[in-house]
Amino acid sequence: MKTTLALIFLLTGMTTMAQNTFIAHRGASYLAPENTVASAKLAWELDADAVEVDVHLTKDNRVIVIHDKDTKRTCYGKTNLTIAKTPSILLRDLDAGVWKGEEFKGEKLPFLSEIIETVPDGKTLVVEIKAGGDEIIPALSRIVDNSGKKQIIFISFGWKTILATHKEFPDNKCYWLSSVKPGLNKKMEEAAAEGLTGVNLQYSIIDEEIMAQAKELNLEVLSWTIDDPKEAQRLTDIGVSGITTNRPKWLKEQMNQ
């Protein structure tokens, strides 16, 4: 009897883990410079289920991968450049890797197309639209069409932006991002009515009440950014389907223990 119960517990645990998706936040950003090809490739090597990157639109209408609106924090150069006001050729001259370590010296700010090229079969790329609003969508459409890859999903804090993205990419999953709990119930109802796939929420605001509403509305819930195994397990237990983390391999191993 004890053996049977142990087996049931083991299989239940395996099922719970299998239901979850581990999303590498800006790639394997704990070990490599965030939002670079090196970070994305390392995340795939570490068996992440998905990689999340942030995109901005440059002055010459190129979609470039970087979190911030300027280059001050993550790029080495004499001048702090604002992404929206700078041609991509100048942005690509900067070093986006050396701040993380000498072994990453020479890493460029990647174009989104370069990140998409790294995505293996069976894996997913999560693209967060940081800036550019509706203006970035035609460029995104060209890039995705040219890539021939279907496993791309979109997220954004901008409500109008994510709705416009969903309209342009009706066959791709789209999630609205939020870190604010007040008003979330109403916004989730609107997300469902607009046909969005779900919401992507800061982990600390997710509770059983939110998950119950999401289930009722048939919305998926993704979460960010979790590097604590206990918190990742809590979210998994209440039905969150995606865990965004800086440490995908380590977090998986810790949870499996």
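Calculation criteria
- Residues numbered from 1 in each chain as written.
- Predicted model: local features only at pLDDT ≥ 70, side-chain atom pairs only at ≥ 80, totals over all residues.
- Heavy atoms only, no water.
- Helix = DSSP H or I, 4+ residues; strand = E, 2+ residues; numbered from the N terminus.
- Rg over C-alpha atoms; globule rule 2.2 N^0.38 Å.
- Buried < 20%, exposed > 50% of the residue type's maximum accessible area, 1.4 Å probe, protein only.
- Contact = heavy atoms within 4.5 Å.
- Areas by Shrake-Rupley, 256 points an atom, 1.4 Å probe, with all protein chains shown as cover.
- Phe/Tyr/Trp six-rings, centres within 6.5 Å; stacked < 30°, edge-to-face > 60°.
- Lys NZ or Arg CZ within 6 Å of the ring centre and 35° of its normal.
- Salt bridge = Lys/Arg side-chain N within 4 Å of Asp/Glu carboxyl O.
- Core = buried A, V, L, I, M, F, W, Y, C linked by side-chain atoms within 4.5 Å.

Undergrad: Help me understand the overall build of the protein in this model?
TA: Helices and strands together make up the secondary structure of the protein, namely ten helices and nine strands. Scaling as 2.2 N^0.38, a compact globule of 257 residues should have a C-alpha radius of gyration of about 18 Å, and the protein matches this with 19 Å. Principal-axis analysis of the C-alpha atoms places the extent of the protein at approximately 65 × 45 × 35 Å. Expressed as a percentage of its 257 residues, the buried residues of the protein come to 51%. Considering only intrachain contacts with a sequence separation of at least 6, the fraction spanning at least 24 residues in the protein is 56%. Surface exposure of the protein reaches about 13100 Å², of which carbon and sulfur atoms provide 52%.

Undergrad: What's the story with the side chain of Ser-141 in this structure? I'm lost.
TA: Looking at where Ser-141 falls in the secondary structure, it is placed in helix H5 (residues 137–147). Leave out the neighbours within four places in its chain, and Ser-141 touches Glu-168 and Phe-169.

Undergrad: Before we go on, may I ask you to explain the packing of aromatic side chains in this structure?
TA: Throughout the structure, instances matching the rule amount to three aromatic pairs. Judged by centre distance (5.9 Å) and plane angle (85°), the ring pair of Phe-157 and Trp-224 falls under edge-to-face. On the criterion of sequence distance, the pair formed by Phe-157 in the loop between strand E5 (152–156) and helix H6 (159–168) and Trp-224 in strand E8 (residues 220–224) is long-range, its members being 67 residues apart. Residue Phe-157 is classed as partly exposed on the basis of its relative accessible area, which comes to 38%. The positively charged end of Arg-62 is found above the aromatic ring belonging to Phe-111, 3.8 Å away from the centroid. The aromatic ring of Trp-176 is capped on one face by Lys-187, whose charged end is 5.9 Å from the ring centroid.

Undergrad: Would you explain the pattern of salt bridges in this entry?
TA: When their charged atoms lie close together, side chains carrying opposite charge are able to pair. Scanning all chains against the criterion turns up 14 salt bridges. In this structure, Arg-26 engages Glu-34 in a salt bridge whose closest nitrogen and oxygen atoms are separated by 3.1 Å. Residue Arg-26 shares its accessibility class with Glu-34, and that shared class is buried.

Undergrad: When you look at the nonpolar core in this model, what are you seeing that I'm missing?
TA: Nonpolar side chains in soluble globular proteins tend to end up buried together. Membership of the largest hydrophobic core comes to 56 residues, with the highest contact counts inside it found for Val-63, Leu-112, Leu-125 and Phe-154. If one sorts the elements of this core by residue count, H5 sits on top with five residues. Beyond its immediate sequence surroundings of up to four residues, Val-63 is in contact with Val-55, His-56, Leu-57, Phe-111, Leu-112, Ile-136, Ala-139, Leu-140 and Ile-143. Within the second largest apolar cluster, ten residues are counted, among which are Ile-64, Leu-81, Leu-91 and Leu-109.

The values are spatial; any link to function lies outside them.
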